[in-house]
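Tertiary structure, described
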Amino acid sequence: MTKDLQSRIGQLFMAGMPGTGPDENTLSLIREFNVGGIIFFSRNIEDPVQISRLCRDLQREALKSWGVPLFLAVDQEGGRVARLREPFTSFPGNSAIASSEEPTKQAEEFGTVTAREMKLVGLNMNLAPVVDVRKGELEKHLQGRTFGESPEKVALLGRTVIRCLQENGVMAVAKHFPGLGQAKVDPHLHLPRIETSTEEIEKVSLVPFAAAIDQGVAGIMSSHAIYPALDPERPATLARKVLTHLLRDTMAFQGLMITDDLEMGAIAGQRHVADASLLAFQAGADVLLICKGQEHVAEGCRLLRDCLLKGQIQEERLVQSLKRIESTKARFLGKREETSLAAVKEYFKMSA
């Protein structure tokens, strides 16, 4: 019973890994906890054949252990936030796309080509696009990453990228809900407080997210910022008023609610990462992202398990998230074909 419960809870977590091959700790997270996904960074990627082999080996391990495929994710926004470098196709990022002569065409090309190349090497989730609406001067960490100040333009280009990614077999994740375009500090380091009215949030910040939902976006990533108009005490990632009342109930989003990295300073600077994973889950998150410390994934799994066994979390809440994860995997990974290294070498013109 406990092991079965632990394996169900494991599906809620997306973990980072240290290197370019399957290490024993990562394999342990898959075998023992049935972790739901792996996120890759530059530290994990050398070239197309290497990342193809890594994706293939991790998927084989997950399918052998539990019969459930993994979410395999990267942040491939283009511009300076791009984990896949040459020989993968390079794109200039959202701001450059928006200011080009044919922004919609450029957004289509970015989404289509990025999805084709990601799918070819076995990656199935892009933590993009950023659909934050810029207001005034952007904080440094978001510079070059937004489509601009017009909610309508951000919505159009965001849904275009989402459509092209997903039509070509890669899950899109719109971020950072309910909008980071007015942040004055970097949530990687500090907790932003975004002083804006409910009316401005509804008429500006939420417009691109509503368009993303209408487009059938697979996931929406939460923001590590406090919005006093919505919840004066908790950052959006940990706020039930934001994730459940606003996103689920008011905006009728039925896809995956994914947290931003719970090890960021905005969250981990205030509390233990395992405690943050519990609070985010209670707020309404389905996928709990922990990008580096694998011990935090194991601790989070055990904490959620203990709370469920003690009745502090209702099993129905777990079932809700697991159904969303299962249906998303069935939608995008149900007909998954194993990566062909020969096809990867041919596409990227790589020597044997």
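It should be noted that the structure appears before, not after, this text.
Residues numbered from 1 in each chain as written. Predicted model: local features only at pLDDT ≥ 70, side-chain atom pairs only at ≥ 80, totals over all residues. Heavy atoms only, no water.

1. Let's talk about the side chain of Ser 223
Rules: Numbering of helices and strands runs from the N terminus, with a helix taken as a DSSP run of H or I at least four residues long and a strand as a DSSP run of E at least two residues long. By the convention used here, residues are in contact when the closest approach between their heavy atoms is within 4.5 Å.
Within the secondary structure, Ser 223 is located in the loop between strand E8 (219-222) and helix H9 (240-250). Setting aside residues up to four positions removed in sequence, Ser 223 forms contacts with His 176, Phe 177, Pro 178, Leu 180, Pro 235, Ala 236 and Thr 237.

2. Description of the pairing of strand E7 (residues 171-177)
Inclusion rule: Working definition: with a 1.4 Å probe on protein chains only, accessible area under 20% of the residue-type maximum means buried, over 50% means exposed, and in between means partly exposed. When DSSP finds two or more bridges between two strands, those strands count as paired.
Burial analysis of E7 places seven of its seven residues in the buried class, the great majority of the element. Pairing of strand E6 (residues 125-126) with E7, which is carried by two bridges, proceeds in the parallel orientation. Its bridge partner lying in E7, Asn 126 is registered against Ala 172. With four bridges connecting them, E7 and E8 associate as parallel partners. Within E8, the position partnered with Phe 177 by the bridge is Ser 222.

3. Notes on the sheet that holds strand E3 (residues 71-74)
Under the convention used in this document: Lines are fitted to the C-alpha atoms to define the axes, a helix being fitted only along its stretch in contact, and any angle between axes, read from their N-to-C directions, falls within 0 to 180 degrees.
Read across the sheet, eight strands follow the order E9-E8-E7-E6-E3-E2-E1-E10 without closing on themselves; strand pairing throughout is parallel. Edge positions in the sheet fall to strand E9 (256-258) and strand E10 (288-290), since each has one partner strand and no second. With two bridges joining them, strand E1 (residues 13-15) and strand E2 (residues 37-39) adopt parallel strand pairing. Considered in E2, the bridge of Met 14 is made with Gly 37. Sitting on the sheet, H9 touches E7, E8 and E9, and the angle it makes with E9 is about 150°.

4. Some points on the side chain of Glu 61
Here Glu 61 is to be found in helix H3 (residues 48-66). The exposure class of Glu 61 is buried, given its relative accessible area of 10%. Residue contacts for Glu 61: discarding those within four places in its chain leaves Leu 27, Ile 30 and Arg 31.

5. A short note on the pattern of salt bridges
The cut-off we apply is this: Definition used for salt bridges: Asp or Glu carboxyl oxygen within 4 Å of a side-chain nitrogen of Lys or Arg.
Within the structure shown, the criterion is met by 22 salt bridges. For the salt bridge of Glu 200 with Lys 135, the shortest nitrogen-to-oxygen distance reads 2.9 Å. Taken as a pair, Glu 200 in helix H7 (residues 198-205) and Lys 135 in the loop between E6 and helix H6 (151-167) lie far apart in primary sequence, 65 residues in all. Of the residues examined, Lys 135 reaches a relative accessible area of 42% and is grouped as partly exposed. The salt bridge partner of Arg 248 is Asp 286, with a shortest N-O separation of 2.4 Å. Here Arg 248 is found in helix H9, whereas its partner Asp 286 is found in the loop between helix H11 (273-283) and E10, with 38 residues between them in sequence. For the pair shown, Arg 248 and Asp 286 are each scored as buried. Through salt bridges with shared partners, one network takes in Asp 75, Glu 77, Arg 83, Arg 145 and Lys 175.

So, to be careful, I would describe these as geometric facts and stop short of saying anything about function.
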